[in-house]
Amino acid sequence: MNEIMVLKFGGSSVSDNEKLQLVAKRITKIYDKGKKVVVVLSAQGKTTDRLIKEANELSGNISDRELDALLSCGEQMSTAKLSILLNYLGYPAISLTGWQAGIFTNNNNQNANIIRIDTSRILKELDSGKIVIVTGFQGVDENLDITTLGRGGSDTTAVAIAAALHASNCYIFSDVDGVYTADPKIIKDTKKVSNLSYKEMQELSSEGAKVLHNRCVEIGEKFKIPIITKSTFNEEKGTLISDVIEENTVKSIIKKEVSRVSIIGNGIIRNFDLIKLIIDFIKTSKLELLNFEISDTKISIVFKNVIEDKKIQELHKLIFK
Ligand code: ASP
Ligand code: MG
């Protein structure tokens, strides 16, 4: 059987028709070598941000289900466009949504986990010689309602598909060509890191490196799928994330912006209603915790990410209602 290649392209790699041409060229070069090609795409440019903003303008109380129905549209546009272009260039291609590609998730909208992938449709299309283009970031739950995997989740789609198809690796193309010894946008004289272990990459992602969605690295490790991050726009060697048997070199240094939120008041440690209210708020807002401390006069919460003022506004309203 011909080798299956899984290639994922990020939002900035498909942001307009010109970029789509470059992506198409990369794909057809590999297809012309006789490989079976599965492509996973993100939404174009800032489409997902825009959809979230537009939804928020319509309602302050958006249903999780409808938000995913909306957010999944970005990837449906990019995949259909690429398929249209490849067909125009004379290549057989087909775009598949998460559902059509057999991607089943739990019903945790906006942060759903992939439970299984039924690869039969993808394999059927590959067998008929097609380039298969799958929407990243989405799946369906057991009710066939659309779910999304969390921001940046197309990487996770790609590695999960690579695992399900037993591909020998997964390529992640984007506008950054790999992992550096520090963020090259801020720090001078950084060097590209040629290889990292899954563990090292997970540490970097959870500290805020924007190269890969953290869950895709977990899946890569679990199913032993080497992940190669490369630039869409040049031929330079990227960074390989894989198993490393034995090695000890320093890889990278990273600064993370976190949010520390403190609520102050005497005797707060005994205010169980307030504590419960805060914990429920964190849960329903799907905020990721780094640390939670309570003292006699203060509750301090450290979140993994920077928390928008809007969220603080909501919490303030709950506490001081
Ligand atoms: N389009 C989604 C996002 O912007 C998923 C992705 O790009 O990986 O978060
Ligand atoms: Mg991304």
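Structure: above.
Bear in mind that the values here come from a model prediction, so they are computed numbers and not experimental data.

Draft legend 1. Representation of the overall build of the chain within the structure. The secondary structure content of the chain amounts to 10 helices and 15 strands. Computed over its C-alpha atoms, the radius of gyration of the chain comes to 21 Å, within 12% of the 20 Å expected for a compact globule of 321 residues. Projected onto the principal axes, the alpha-carbon positions of the chain cover approximately 70 × 45 × 35 Å. Per-residue burial over the chain gives 46% buried out of 321 residues. Here the contacts in the chain between residues at least 6 apart in sequence split such that 71% fall between residues at least 24 apart. A total accessible area of about 17,200 Å² is found for the chain, and carbon and sulfur atoms account for 53% of it. In the chain, the 43 positive side-chain charges and the 41 negative ones have mean positions that sit 2 Å from each other.

Draft legend 2. Seen up close, helix α7 (residues 198–206). The set of residues buried in α7 consists of Y198, M201, Q202, L204 and S205. The arc enclosing the buried residues of α7, seen along the axis, measures out at 165°, which places them on a common side. Those residues of α7 that are buried lie in contact with β10 (195–197), α8 (214–223) and β12 (239–242). Backbone geometry just after α7 places G208 at a positive phi near 110°.

Draft legend 3. The state of the cysteines, seen in detail. Applying the stated rule across the entire model yields zero disulfides. Here C170 is not cross-linked by a disulfide; its sulfur's nearest cysteine counterpart is in C216, at 7.3 Å. C170 sits in the buried class, given a relative accessible area of 0%.

Draft legend 4. Broad picture of the site of ligand 1. If you check the shell around ligand 1, you find S42, A43, T48, E75, F137, R151, G152, G153 and S154 and nothing else. Between ligand 1 and the protein, one listed contact pairs an oxygen atom with a side-chain N or O atom of S42 at 3.0 Å. Here an oxygen atom of ligand 1 and a backbone polar atom of G153 are 3.4 Å apart. Here ligand 1 loses 87% of its free accessible area of 260 Å² to cover by the protein chains. Looking at the shell around ligand 1 residue by residue, the classes come out as two nonpolar, five polar and two charged.

Draft legend 5. Just the sheet that holds strand β13 (residues 259–264), in detail. Read from one edge of the open sheet, three strands run β13-β15-β14, paired in antiparallel fashion. For this open sheet the edge positions go to β13 and β14 (289–294), each flanked by a neighbour on one side alone. Each adjacent strand pair in this sheet contributes to an overall mean axis angle of 10°, direction not counted. Of the strand pairs in this sheet, β14 and strand β15 (residues 298–303) are connected by five bridges, and their pairing is antiparallel. Bridge assignment links F292 to a residue of β15, and that residue is I301. Along the sheet face, helix α9 (residues 272–284) touches β13, β14 and β15 and points at about 10° away from the line of β15.

Draft legend 6. Layout of the nonpolar core. Grouped together as the largest cluster of nonpolar side chains are 38 residues, with contacts concentrated most on V6, V38, I122, V134, I161, M201 and L212. Element by element, the count of residues in this core is highest for helix α6 (residues 154–164), at six residues. Leave out the neighbours within four places in its chain, and L212 touches D155, I172, M201, S205, V217, I227, T229 and I241. Judged by nonpolar contacts, the second largest core, of 22 residues, contains M5, A24, L86 and Y91.

Draft legend 7. Layout of the pairing of strand β1 (residues 4–9). For β1, a buried count of six out of six residues is recorded, marking the element as mostly surrounded by other parts of the structure. Of the two faces of β1, the one holding I4, V6 and K8 and the one holding M5, L7 and F9 are both buried throughout. The pairing of β1 with strand β2 (residues 36–41) spans six bridges and is classified as parallel. Its bridge partner being in β2, V6 is matched across the sheet by V38.

Draft legend 8. Fine view of the layout of surface pockets. Of the pockets and cavities examined, the second largest pocket occupies roughly 330 Å³. In terms of lining residues, the second largest pocket is bounded by 14 residues, among which I114, A160, I219, K222 and F223 are the most central. Elements supplying a minimum of two residues to the lining of the second largest pocket: β5 (114–117), α6 and α8. In terms of residue count, α8 provides more of the lining of the second largest pocket than any other element does, five residues in total. Taken together, the residues of the lining of the second largest pocket sort by class into eight nonpolar, two polar and four charged.

Draft legend 9. View of the side chain of K36. Relative to the helices and strands, K36 is located in strand β2. Since its relative accessible area comes to 12%, K36 is described here as buried. Within the structure, the side chain of K36 is placed 2.8 Å from the side chain of D127, a separation counted as a polar contact.

Draft legend 10. A look at the packing of α9 against helix α10 (residues 309–319). For the pair α9 and α10, interaxial distance at closest approach is 11 Å and the crossing angle is 150°. Between α9 and α10, the interaxial angle falls into the category roughly antiparallel. Remark: the crossing between α9 and α10 carries right-handed chirality. Residues L274, L277, I278 and F281 of α9 form the contact with α10, whose own contacting residues are K311, E314, L315, L318 and I319. When the residues that make up the contact of α9 with α10 are grouped by side-chain class, the tally is seven nonpolar, no polar and two charged.

Definitions and limits used
- Residues numbered from 1 in each chain as written.
- Chains lettered and ligands numbered in written order.
- Predicted model: local features only at pLDDT ≥ 70, side-chain atom pairs only at ≥ 80, totals over all residues.
- Heavy atoms only, no water.
- Helix = DSSP H or I, 4+ residues; strand = E, 2+ residues; numbered from the N terminus.
- Rg over C-alpha atoms; globule rule 2.2 N^0.38 Å.
- Buried < 20%, exposed > 50% of the residue type's maximum accessible area, 1.4 Å probe, protein only.
- Contact = heavy atoms within 4.5 Å.
- Areas by Shrake-Rupley, 256 points an atom, 1.4 Å probe, with all protein chains shown as cover.
- Lys, Arg positive; Asp, Glu negative; His and termini not counted.
- Charge placed at Lys NZ, Arg CZ, Asp CG, Glu CD.
- Arc of directions from axis to C-beta.
- Disulfide = S-S within 2.5 Å.
- Near = heavy atom within 4 Å.
- Polar contact = N/O pair within 3.5 Å; in protein donor to acceptor, adjacent residues only side chain to side chain.
- Nonpolar A, V, L, I, M, F, W, Y, C, P; charged D, E, K, R; others polar.
- Pairing = 2+ DSSP bridges.
- Axes fitted to C-alpha atoms, helices over the stretch in contact; angles between N-to-C directions.
- Core = buried A, V, L, I, M, F, W, Y, C linked by side-chain atoms within 4.5 Å.
- 1 Å grid on protein atoms, 1.4 Å probe; cavity = no way out; pocket = protein on both sides within 12 Å on 5 of 7 lines; lining within 4 Å.
- Points joined across faces, edges and corners; volume = space filled by probe spheres on them.
- Parallel < 35°, antiparallel > 145°, perpendicular 65-115°, else oblique.
- Left-handed = near helix turned anticlockwise from the far one by under 90°.

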